Amino acid sequence: MGDFYEMFFEDAVAVAPVLDIALTSRDKGVDDPVPMAGVPYHAIGGYLRTLVERGFKVAICEQLESPEDAKRRKGPGAKIVRRDVVRVVTPGALLDEEHLRGEEPNYLAAVVADGEMPGPCSLACYDLSTSDFVVVRATEAHVARAELCRLLPKEILAEPAVHAWLRQAMAVEQPRLEPLGAPSAATVARVRELAREGGAGALEDATVRAAAAVLAYAEATQPGQTLLVHRLRRHDPAAHLVLDETSLRNLEVFRTHRDGARRGSLLWALDATRTAMGARLLRAWLGAPVRDRKLIAARHDAIGALVGEPKVRAKLQSQLRDVRDVIRLTARARLGTATPRELGALRGSLVAVPELQRTLADLKKRRTDRMLPEAIELGDDLLADVRDDLAALLVDEPPAGTREGGMIRDGADGPLDEQRRLAAGGREALAAIETRERERTLIPTLKVQHNRVFGYYLEVSRGHLSKVPPDWVRKQTIAGGERFVTEELAEHEARVLSANERALLREQELFAALRSRVSAQAERLVTLGEHIAGIDVLAGLADIAQAHDYVRPEISDEPVLQIEGGRHPVVERMLEIGRFVPNDMVIAAGAGGQIARLWVITGPNMGGKSTVIRQAALITILAHAGSWVPAKRAVVGLCDRVFTRVGAADDLGRGESTFMVEMRETAQILERASARSLVLLDEVGRGTSTFDGLSLAWAIVEHLHDQIGCRTLFATHYHELCALEGVLPGVKNVHVAVHEDRGRIVFLHQLAPGPAGRSYGIAVGRLAGLPGRVLRRATRILERLEADPTGTARPQLELFAPSASGVQHSGTGPATATDPLAAALAVALAGLDLDGMSPRDAHGWLLDWAERLRR
């Protein structure tokens, strides 16, 4: 309403405190005034974001005509300005750039179950901001959960009975849940047609219903607009390396486990993209690595071409900085919400595209085969017609909105230029009026002036007021004279104001038509944007590969993992250059015992066991995603899934302890892993008694070796498991090496054959700063336990045998003695801070007690 978006009644009461705005009222003179609260139209973006984040849905209602149009209209409701809902904003229906994260998608999803959940179901996800439309058929509930945790939709449509399962499945990232609607027959038919056109094939009934529900809901949020649906694609989990919620979290693929930050994640370490489109595509590649050797090889080829030409690559990446988010800008044009400034950004992007093409052509000429890898080809359609259309109409620096005009350049439209000439005041007409009135009145200083308040007027100094003719109308008295208006000036002002209005309407018409023409080319624009995004990702991966000494991995059909000089891509980046210690690894499933398929890894905490097993998984993921890998050489056999059970965490939301979470995740691995999987297990068996945990760990190793036969890295402190190397042919013992010097240790972070001699827990405790008394006591207990393999003396832990002084200690209470002096000596000894004493202090203490004992 005017310059504000207003809310009334209960909406105003509910929203005013949330937005920290004044709650006022309309018709304040009546007994029961209507509550009202409003926000400026130009600042609506920030307020919308706050409301959506606080769980509100926002319906935006706007004027559909001007007050003048309403006055001219006849019939019922005449003179009342027509308004209607033009947009509904929900978490899954965000469009504005300021509401979206450029590097992440913003999916609206639907889940349709075949029966009760958990069970088979279908998913559909649609991103209004990019037009990405994907369906997934999940034969098991855990597949659906993995896909939801990968895509992280902001809003999910489902039957109320499925909501409970969704709350559990999406416990970490809880989306907004909405009831599933019944789509129309026309929407269902459109989905089937989109599936055929996009190569998704015939969809299952549940999948069609999910896709139609998403599409119908999205269309309902954009009344009167046509959604951009570039294509509908089917995502087949079996064609990808599946990473479930646990693996994505434990391997910190998208964000860190500790604080949820992007910095420190695999995505952070690999992201050298220059565009938002590229950043989103990189996220998609890492979240769903492929198993198609041809596609992987195509990406590796492209990275190789770009690594070999660093100067060309640097030029290419510099040019990519000039490309904005073409895909999201196109979607906004299709929905009629793109602003002049956003179409200007699209124009600038299209202007940069020919330069990109020339750089790629230069790369092609430099190659000996004069061929460009298909993955970094831009295509032939650079949309020169759209670029020229935008350049011909839009001014060089378009405004943020259309309300005030100023977006169409001079000379682009004859009628607009005419109205602008009139609106500019008709300088010739004004000069003629001024000359004529000056001659008629003989007032030499008379001038025609203009301001926003009074419009056009004649200004006369005080010394010439006597010459003012009677047909002039006094407008304002000022310090140096007075201002007057004539009938001719008033008529001229009316013509100017009318011209201003007509010029603004013409500009808005021209801009709307331009936006419609851009919308009509949406398919071409999105295709171009996808090509640019792919080039951006591959150029960024090539940049990372060269900067951090990555190599092209060899992809094998055999279930092997052979890494020479492997490094953790994130930890290496966080350390100073040269600090990271590389390691080798060779494991192979089903090798008949010639090559181990299960490594038992022992060694101290802080020694690097977790880093080693995680880097093996990350190298596997990178290789499947099409990236080069941090190693001197790598052979990676195609995997179906990567499973992880690392770290300690409870799940209070599900009422599960740390040990229960560990056992549940391990059970899922043993149920779902195949001979093609890579399994990482770190310290399985913690959280219960020693023998319980050891027994479980032992049985789990046997099951992985005998029943599943997959590639497995099993890090543990249960040294008893090392005995399996001689029992199970596919088990190999390795350990992380440690250098020990006079009770102090140095972590070498280097893998070595065989089991670790000990776990060095007390040494790690010393590094952590445990009190000296605790460390000495722990050392004595450990010595007694290690000297008593039968365990017969363990319950008493009598570490002080009876002595000549009569002092003894049970390990559970204070020292006792028959001799008071000996008892005092025992107390004094127990209270010594040996680590804190200097040699002189120790010598003095001994002399003192020797003298007391001689007396």
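Here's what I pulled together on the structure shown here.

### Topic: the nonpolar core
Then, number 1: Within the largest apolar cluster, 106 residues are counted, with the highest numbers of intra-cluster contacts made by Leu-270, Leu-343, Leu-378, Leu-390, Trp-599 and Leu-713.
Then, number 2: Top element by residues in this core is helix 19 (residues 522-547). It accounts for 12 residues.
Then, number 3: Leaving out residues up to four positions away in the same chain, Trp-599 has contacts with Asp-584, Met-585, Val-586, Ile-587, Thr-712, Leu-713, Phe-714, Lys-732, Val-734 and Leu-751.
Then, number 4: Counting residues in hydrophobic clusters, the runner-up holds 31 residues, among them Ala-124, Val-135, Leu-194 and Ala-206.

### Considering the sheet that holds strand 15 (residues 481-485)
Then, number 1: Taken in spatial order, the 4 strands of this open sheet run 12-13-15-14, and their pairing is antiparallel. At either end of the open sheet lies a strand with only one pairing partner, and these are strand 12 (447-451) and strand 14 (473-478). The mean angle between the axes of side-by-side strands here comes to 40°, regardless of whether they run parallel or antiparallel.
Then, number 2: Bridging between strand 14 and strand 15 involves 5 bridges; their strand directions are antiparallel. Paired with Ile-478 across the two strands is Gly-481, which belongs to strand 15.
Then, number 3: Contacting strand 12, strand 13 (455-461) and strand 15, helix 18 (residues 487-520) runs over the sheet at an angle of about 145° to strand 13.

### Observations concerning the packing of helix 13 (residues 326-334) against helix 14 (residues 340-366)
Then, number 1: Close contact between helix 13 and helix 14 brings their axes to 10 Å; oriented N to C, the two are set at 140°. With respect to helix 14, the axis of helix 13 lies oblique. When the axes of helix 13 and helix 14 are compared, the crossing they make is left-handed. Judged by residue contacts, Val-326, Leu-329, Arg-332 and Ala-333 of helix 13 engage Glu-342, Leu-343, Ala-345, Leu-346 and Ser-349 from helix 14.
Then, number 2: Along the lines of polarity and charge, the residues of the contact of helix 13 with helix 14 split into 6 nonpolar, 1 polar and 2 charged.

### A closer look at the pairing of strand 6 (residues 108-113)
The two faces of the sheet receive side chains in turn, since in a regular strand these alternate between them.
Then, number 1: Of all the 6 residues making up strand 6, 5 are buried; the element is thus mostly covered by neighbouring parts of the structure.
Then, number 2: Pairing of strand 6 with strand 7 (residues 121-126), which is carried by 6 bridges, proceeds in the antiparallel orientation. Note that in strand 7 the partner of Val-112 across the bridge is Ser-122.
Then, number 3: Inspection of the sheet shows strand 6 paired to strand 9 (residues 155-158) by 4 bridges, in the parallel sense.

### Topic: the environment of Arg-483
Then, number 1: Its place among the elements puts Arg-483 in strand 15.
Then, number 2: A C-alpha to C-alpha distance of 67 Å links Arg-483 and Gly-260, two positions 223 residues apart in sequence.
Then, number 3: In contact with Arg-483, not counting residues within four places along its chain, are Asn-451, Phe-454, Tyr-457, Leu-458, Glu-459, Val-473, Arg-474, Lys-475, Gln-476 and Ile-478.

### Considering the sheet that holds strand 2 (residues 24-26)
The strands making up a sheet associate through backbone hydrogen bonding, with each pair oriented either parallel or antiparallel.
Then, number 1: Ordered in space as 1-3-2, the 3 strands form an open sheet in which the pairing is antiparallel. Looking at which strands have only one partner, the edges of the open sheet turn out to be strand 1 (4-8) and strand 2. The average angle at which neighbouring strand axes cross in this sheet is 45°, direction not considered.
Then, number 2: With 3 bridges connecting them, strand 2 and strand 3 (residues 34-40) associate as antiparallel partners. Bridging from a neighbouring strand, Arg-26 pairs with Val-34 of strand 3.

Cut-offs applied
- Residues numbered from 1 in each chain as written.
- Predicted model: local features only at pLDDT ≥ 70, side-chain atom pairs only at ≥ 80, totals over all residues.
- Heavy atoms only, no water.
- Core = buried A, V, L, I, M, F, W, Y, C linked by side-chain atoms within 4.5 Å.
- Buried < 20%, exposed > 50% of the residue type's maximum accessible area, 1.4 Å probe, protein only.
- Helix = DSSP H or I, 4+ residues; strand = E, 2+ residues; numbered from the N terminus.
- Contact = heavy atoms within 4.5 Å.
- Pairing = 2+ DSSP bridges.
- Axes fitted to C-alpha atoms, helices over the stretch in contact; angles between N-to-C directions.
- Parallel < 35°, antiparallel > 145°, perpendicular 65-115°, else oblique.
- Left-handed = near helix turned anticlockwise from the far one by under 90°.
- Nonpolar A, V, L, I, M, F, W, Y, C, P; charged D, E, K, R; others polar.

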